[in-house]
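# An overview of the molecular structure
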Amino acid sequence: MNRQTKTHGLTQAATPVGTHEGYMPGFANDFETEALPGALPQGMNSPQKCNYGLYGEQLSGTAFTANPPERTWTYRIRPSVKHSARYKKVDLPHWKSAPNVDPDVISLGQYRWDPVPHSEQNLTWLTGMHTMTTAGDVNTQVGMASHIYLVTASMEDAYFFSADSELLVVPQEGRLRFCTELGIIDVEPKEIAILPRGLVYRVEVLEGPCRGFVCENYGQKFELPGRGPIGANCLANPRDFKAPVAAFEDRETPSTLTIKWCGQFHETEIPQSPLDVVAWHGNYAPYKYDLRNYCPVGAILFDHPDPSIFTVLTAPSGVPGTANIDFVLFRERWMVAEDTFRPPWYHKNIMSELMGNIYGQYDAKPQGFVPGGMSLHNMMLPHGPDRDAFEKASNANLGPDKLDNTMSFMFETRFPQHLTAFAANEAPLQDDYIDCWDSLEKKFDGTPGRK
């Protein structure tokens, strides 16, 4: 509860941070926050001397001349150069980057997987990351990778950042805490987190075992899609994204920092925690978002809109109207269209679609696409409802129908997605998935007017 004070006859909130303790609302806002009073300079970014003996440092997410620039000024106990030393290469064999085209793996096809089972091993955020597909080229900063994470153990005196990518985290099971340079973000199923390129963090298990999905974005950062004729409201509203307030560690403890750089992993040893930002301001920050706040829109008379109508976040490409990545959400909603085949129609398109099930049942695939599972329909490969879904939708009474207890998503990219050896040979692939269309019948008989 926010305390209140009265001044000049007005009742005023005493806590300006907002209505969610520990977080500040808004997407791409210019935030400011301090963990100690007076730690954040006012009226300037780089004073000759910072309060508390802090160091001023800027973290840039774009080129200096980009418009608008994405940057955050931090005021920290040590500059980041003190959290960097000589590096040695380390191997994380299940985390792959594009280009990763295995000559022994066929990526052309329609694929579906059961949930990847938990391991009996202690797996951290780094050792538990398993790449399923890659697309584009991490070196030229285009494309993406999709991963499954299996996490059972917290990172202890160990930290990580990716110089390659922004990470979109979609939990499916368990609860995680991201202790970042800019503050703390807790996430659980039905929420997502966005971790910017270059941000240092440690991942802790709050409730395990943890499993979920990650979209690793090599390209331009995620942004809210243009709503066009929809206007200012619905879909994902900016106010529902939450950035953390400042939090810092002042710990003299030998630690490791692992960096992902051009698809390779390097580790350095440092004598303290790098999470030492006491205050910060800027618009380059991590976020969390509750998917239950997503307000879908759709057809209210006839026909089925394109799935792009359900876009939560988009990462633009250099081609207008064609995304590097779209993050699309299929959640509970009402179906009311008249004289319309309501599930997604049969189609093939230029985008490659990787879907994941967070919970419940997806209407186009009522069997086999289970919570924790994934499917891949690569570019220009046909797909659509199985026979049971087609027959049910073709013959249903088209009164108002609530799609309930359902939440699935799609990582969609303009690039072909290549399977990793893990996805092809170790993950629980449903070999019979392609058979779900075998029983579709020829209904054409040439009779005029027959439906």
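See the structure above.
Rules behind the numbers
- Residues numbered from 1 in each chain as written.
- Predicted model: local features only at pLDDT ≥ 70, side-chain atom pairs only at ≥ 80, totals over all residues.
- Heavy atoms only, no water.
- Helix = DSSP H or I, 4+ residues; strand = E, 2+ residues; numbered from the N terminus.
- Buried < 20%, exposed > 50% of the residue type's maximum accessible area, 1.4 Å probe, protein only.
- Lys, Arg positive; Asp, Glu negative; His and termini not counted.
- Salt bridge = Lys/Arg side-chain N within 4 Å of Asp/Glu carboxyl O.
- Polar contact = N/O pair within 3.5 Å; in protein donor to acceptor, adjacent residues only side chain to side chain.
- Contact = heavy atoms within 4.5 Å.
- Core = buried A, V, L, I, M, F, W, Y, C linked by side-chain atoms within 4.5 Å.
- Disulfide = S-S within 2.5 Å.
- Pairing = 2+ DSSP bridges.
- Axes fitted to C-alpha atoms, helices over the stretch in contact; angles between N-to-C directions.

With that settled, consider the side chain of D326. Here D326 shows up in strand β22 (residues 323-335). Put simply, D326 is tucked away with no salt bridge, and the nearest opposite charge, on R414, sits 10 Å away. At 2.6 Å, the side chain of D326 forms a polar contact with the side chain of T314. Contact partners of D326, with chain neighbours within four places excluded, come to T311, L313, T314, M410, F411 and E412.

Of all hydrophobic cores here, the largest spans 61 residues; its most connected members are L313, F327 and F411. For this core, the element with the highest residue contribution is β22, accounting for five residues. Among the nonpolar cores identified, the runner-up in size contains 24 residues, and A158, L167, A193 and L195 belong to it.

Scanning all chains against the criterion turns up zero disulfides. Here C210 is not disulfide-linked; the sulfur of C179 is the nearest cysteine sulfur, at 13 Å. With a relative accessible area of 0%, C210 lands in the buried category. With no disulfide partner, C215 has as its closest neighbouring cysteine sulfur the one in C262, 19 Å distant. In this structure C215 comes out as buried when scored by relative accessible area, which is 0%.

On the basis of which strands lie adjacent, the open sheet formed by six strands has the order β8-β24-β23-β25-β22-β21 and antiparallel pairing. Taken across any chain shown, the strands that pair with only one partner, and hence form the sheet edges, are β8 (110-113) and β21 (311-316). Averaged over all neighbouring strand pairs, the angle between strand axes comes to 15°, with direction disregarded. In the sheet, strand β23 (residues 352-360) pairs with strand β24 (residues 374-377) via four bridges, with the strands oriented antiparallel. Residue pairing across strands places E353 opposite H377, the latter belonging to β24.

Pairing in this open sheet of four strands is antiparallel, and the strands run β4-β19-β6-β5 from one edge to the other. The open sheet has two free edges, formed respectively by β4 (31-34) and β5 (55-60), since each of these has just one partner strand. Here the average twist between neighbouring strands, direction ignored, is 20°. Pairing of β5 with strand β6 (residues 71-76), which is carried by six bridges, proceeds in the antiparallel orientation. Note on β6: the bridge partner recorded for E57 is T74.

Turning to the environment of Y52, a few remarks are in order. With respect to the helices and strands, the residue Y52 is situated in the loop between β4 and β5. Judged by relative accessible area, which is 49%, Y52 ranks as partly exposed. With sequence-adjacent residues up to four places away left out, Y52 is seen in contact with L36, P37, G38 and A39. Within polar-contact distance, the side chain of Y52 engages the backbone oxygen of P37 at 2.5 Å.

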